[in-house]
Amino acid sequence: MIVILKQGITPQEKDKVRSFLSENGFIVKEIVGQQDTVFGAVGKVSIDPRTVELLPGVSSVVPISKPYKLASREMKKEDTIVQVGKVKIGGNRVAVIAGPCAVENYDQVMSIAESIREAGAVMLRGGAFKPRTSPYAFQGLGEEGLKLLRKAGDAFDMPITSEVVSPRDVQMMAGYVDMFQIGARNMQNFELLKEVGKTGMPVLLKRGLSATIEEWLMAAEYLMASGTDQVVLCERGIRTFEKATRNTLDCSAIPVVQKLTHLPVIGDPSHATGIRDMVAPMSLAIVASGASGVIVEVHNCPEKALSDGPQSLYPSQFSKLVRDIQALCPVVGKSLEKIPRVLPESMKARSEETGKAATDSIVVAFQGVRGAFSELAARRSFDESAQMLACHSFSDAFDAVSSGKAKYAVLPVENTLGGTVYDNLDLLAIHPELTVVGEQQVRVMHNLIVVPGTRMEDIRKVYSHPQGLQQCRAFLDRELPDAERVPFFDTAGAVEYIAGLGDKSVAAIAGSPAAHYYGMEVLRQGIETDASNYTRFYILAREENAAVFRSQAKPDKAALSFSVSDEPGALMDILKMIADEGINMTKLESRPIPGKPWEYLFFVELQLPEDIARFDELASRLKEKAVSSRILGVYTSVI
Ligand code: PEP
Ligand code: MN
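Procedures and definitions
- Residues numbered from 1 in each chain as written.
- Chains lettered and ligands numbered in written order.
- Predicted model: local features only at pLDDT ≥ 70, side-chain atom pairs only at ≥ 80, totals over all residues.
- Heavy atoms only, no water.
- Salt bridge = Lys/Arg side-chain N within 4 Å of Asp/Glu carboxyl O.
- Helix = DSSP H or I, 4+ residues; strand = E, 2+ residues; numbered from the N terminus.
- Buried < 20%, exposed > 50% of the residue type's maximum accessible area, 1.4 Å probe, protein only.
- Pairing = 2+ DSSP bridges.
- Axes fitted to C-alpha atoms, helices over the stretch in contact; angles between N-to-C directions.
- Contact = heavy atoms within 4.5 Å.
- Donors = N, O, S within 2.8 Å, 3.2 Å for Na, K, Ca; no water.
- Near = heavy atom within 4 Å.
- Polar contact = N/O pair within 3.5 Å; in protein donor to acceptor, adjacent residues only side chain to side chain.
- Areas by Shrake-Rupley, 256 points an atom, 1.4 Å probe, with all protein chains shown as cover.
- Nonpolar A, V, L, I, M, F, W, Y, C, P; charged D, E, K, R; others polar.
- Domains from an automatic or database assignment.

**A short note on the pattern of salt bridges**
Next, step 1: For the structure shown, the criterion picks out 36 salt bridges.
Next, step 2: The salt bridge partner of Lys198 is Glu195, with a shortest N-O separation of 3.3 Å. Linking Lys198 with Glu195, this pair stays in helix α6 (residues 190-198), spanning 3 residues, or about one helical turn.
Next, step 3: A salt bridge links Glu581 to Arg621; the nearest nitrogen and oxygen atoms lie 3.5 Å apart. Taken together, the residues span a long stretch of sequence, with Glu581 in the loop between α21 (570-580) and β28 (585-593) and Arg621 in helix α22 (residues 612-625) at a distance of 40 residues.
Next, step 4: Exposure remark for Glu581: the relative accessible area of 10% places this residue in the buried category.
Next, step 5: Overall, Arg621 belongs to the partly exposed group, its relative accessible area being 27%.
Next, step 6: Ionic contacts of the salt-bridge type, sharing partners, join the residues Glu414, Glu439, Arg536, Lys557, Lys587, Glu589 and Glu605 into one network.

**What to know about the sheet that holds strand β23 (residues 484-487)**
Next, step 1: Ordered in space as β23-β22-β24-β21-β25, the 5 strands form an open sheet in which the pairing is mixed. Each edge of the open sheet carries a strand with a single partner, namely β23 and β25 (521-524). This sheet shows a mean twist of 35° between the axes of neighbouring strands, independent of strand direction.
Next, step 2: Set on the sheet, helix α18 (residues 491-501) makes contact with β21 (447-450), β22 (461-464) and β24 (506-510); between it and β24 the angle comes to about 155°.

**Observations regarding the coordination of the manganese ion (ligand 2)**
Next, step 1: Distances from the manganese ion (ligand 2) to its protein donors, Cys101 (SG), His271 (NE2), Glu297 (OE) and Asp308 (OD), fall within 2.0 to 2.3 Å.
Next, step 2: All donor residues of the manganese ion (ligand 2) come from one chain, and their arrangement in sequence is C-x169-H-x25-E-x10-D. With Glu297 in strand β14 (residues 293-297) and Asp308 in the loop between β14 and α11 (315-328), this pair connects stretches of sequence that are 11 residues apart.
Next, step 3: Among the residues examined, Asp308 registers a relative accessible area of 17% and is labelled buried.

**Regarding the environment of Ala429**
Next, step 1: Its place among the elements puts Ala429 in helix α15 (residues 422-429).
Next, step 2: Through-space distance from the C-alpha of Ala429 to that of Ser162 is 50 Å; in sequence the pair is 267 residues apart.
Next, step 3: Excluding residues within four positions of it along the chain, Ala429 makes contact with Leu601, Phe603 and Arg630.

**A few points about unusual backbone geometry**
Next, step 1: The phi dihedral of Asp157 is positive, around 55°, even though this residue is not glycine.
Next, step 2: Relative to the helices and strands, Asp157 is located in the loop between α4 (143-155) and β9 (160-163).
Next, step 3: Not every positive phi belongs to a glycine, and Asp308 is a case in point at roughly 55°.

**A look at the site of ligand 1**
Next, step 1: The immediate surroundings of ligand 1 are formed by Cys101, Arg125, Lys130, Glu163, Gln181, Gly183, Ala184, Arg185, Lys206, Arg236, His271 and Glu297.
Next, step 2: Within the side chain of Arg125, a nitrogen or oxygen atom sits 2.7 Å from an oxygen atom of ligand 1.
Next, step 3: Contact with the protein chains removes 97% of the 300 Å² of surface that ligand 1 exposes when unbound.
Next, step 4: When the residues that make up the shell around ligand 1 are grouped by side-chain class, the tally is 2 nonpolar, 3 polar and 7 charged.

**Section: the domain arrangement of the chain**
Next, step 1: Under the domain assignment, the chain is made up of domain 1 (2-62), domain 2 (94-336), domain 3 (447-524) and domain 4 (554-639).
Next, step 2: Each of domain 1 and domain 2 has a C-alpha centre, and these two points are 36 Å apart.

**Some thoughts on the sheet that holds strand β2 (residues 27-32)**
Next, step 1: The strand order across the open sheet built from 4 strands is β2-β3-β1-β4, with neighbouring strands paired in antiparallel fashion. The two strands at the open ends of the sheet, each matched to only one other strand, are β2 and β4 (58-62). The mean inter-strand angle of the sheet, taken between neighbouring strand axes irrespective of direction, is 20°.
Next, step 2: For β2 and strand β3 (residues 37-42), the ladder comprises 6 bridges, and the chain directions are antiparallel. Paired with Val28 across the two strands is Ala41, which belongs to β3.

This is the structure:
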């Protein structure tokens, strides 16, 4: 049952409720949600719920209808984020886990670890105990394999996961791995589940070869009832009559499971298909289905692999796959998990929303009101503990970073339909103390948002930013031809405004986070005319905070600005210098220089070459040749 506590419950009352439940034989878990704090109470016992409801500090008691209790969405509405070392799995992230099927030797695991980390994987996998169909096949290196995997994980700063096959290995393995893996063949090995659950450590729970979704969730329940709440589910293909692939990837299980449980679910395209060529398309299908990640087998020399060579990707194929996954992420409203860039001090802090002390958390400025696309971009770029600072204008956000009120700002530079956001380029020009440290991309999906219960025929007025109204014109012409279109300063601000009116004759157009934030309802989703609507943001910092952010990922882009003398071919000379270094230019803009009529500042974005010396050469030649020049930032792009 779920025991919902009153907002104002005292610590003493809370202790009393907890003790009452424990004394009556329940396992009690406290779950702090965005709205309520609840106790989940599960066990073999039954009790009249009214006896609990009558305890001081209890608001109500709700039974859980499903056989799995701790794992059910009824118990916990918010997504569980599983933390494995520095890496997070769940929520709006897509985490890529990769590595060999089995650890074979030092050189093999080190080489694979290096290439997958470089490509963007955040966790290393590798079997040390292999449950093989044939007793004559390679069974794994055992503890020796775990030692090698640990070394590789430490060398390349990645947490590791490996399969546990026997309850007697659990304690030994706990000393090496960051996350246990329970294989498909052991999903219903209940003694193993109990032993692993007792460690309280993260567990990757594969779906059994012919397990129903309910059986799979019951296996998760075993782990949770034994003591861990850090469970990641993994769809890895099920047995069907089909022989063309090793198993049948059940993509539909992903959205089904996400409705039923708060636990994150990932997919394993390697074991699902058994065929190398199928791994990339199925990985994308897994991400498109809404999964929180993939686990992929990669080998430096698949022809010689001791197990699962035919399904293992070459490192170059894996690298291409991560880029494709990254490109897909914004479409499903997620971003690729990276080994975090957050500063260690922020990990301790709590976000503003929880109302807890946030003395040492990172403050991130964005422009707009709560629920704006800019806030979404800012949240995706940092850990949950970051505090969001809503600024009235772009200029306020720049000032917040300059003055130290915020450590970072996340501000739009370009929209695929609306083009460049000139204001931010102009502000960057007058803020030489700030630098670009990263880039984020958000898909702009507009929704018709209303007061709950409103019907289409009730709507007389639609509020949104002029861009929002413009981008949804076809929908408005078709579905609401008679409604008045009212321009507003901000999309999320329009939602806040209609929420305040509480009037069913008005609607707003904005992103879904705004509807959620202001308790409004999404009446129609995805109403923008062109679905290829993305906004790119710069992440800005003062120079002293830039290094730590940049050190987390290899930079692949640079932004520069320069001005040239007023003579024939001056701009062309500079562009030729870029071309001469073999550097690809991805953006060029010119802006008037205030106080210097008819003079222009040029902005360029470049793809950093593999050989960074060529960029350094360009920067020094630019300094000599241009009237003025500045490196605005060297950073990691989203794609
Ligand atoms: C594995 O991940 O190496 C493995 C054996 O997977 P599964 O248990 O899904 O077959
Ligand atoms: Mn395998």
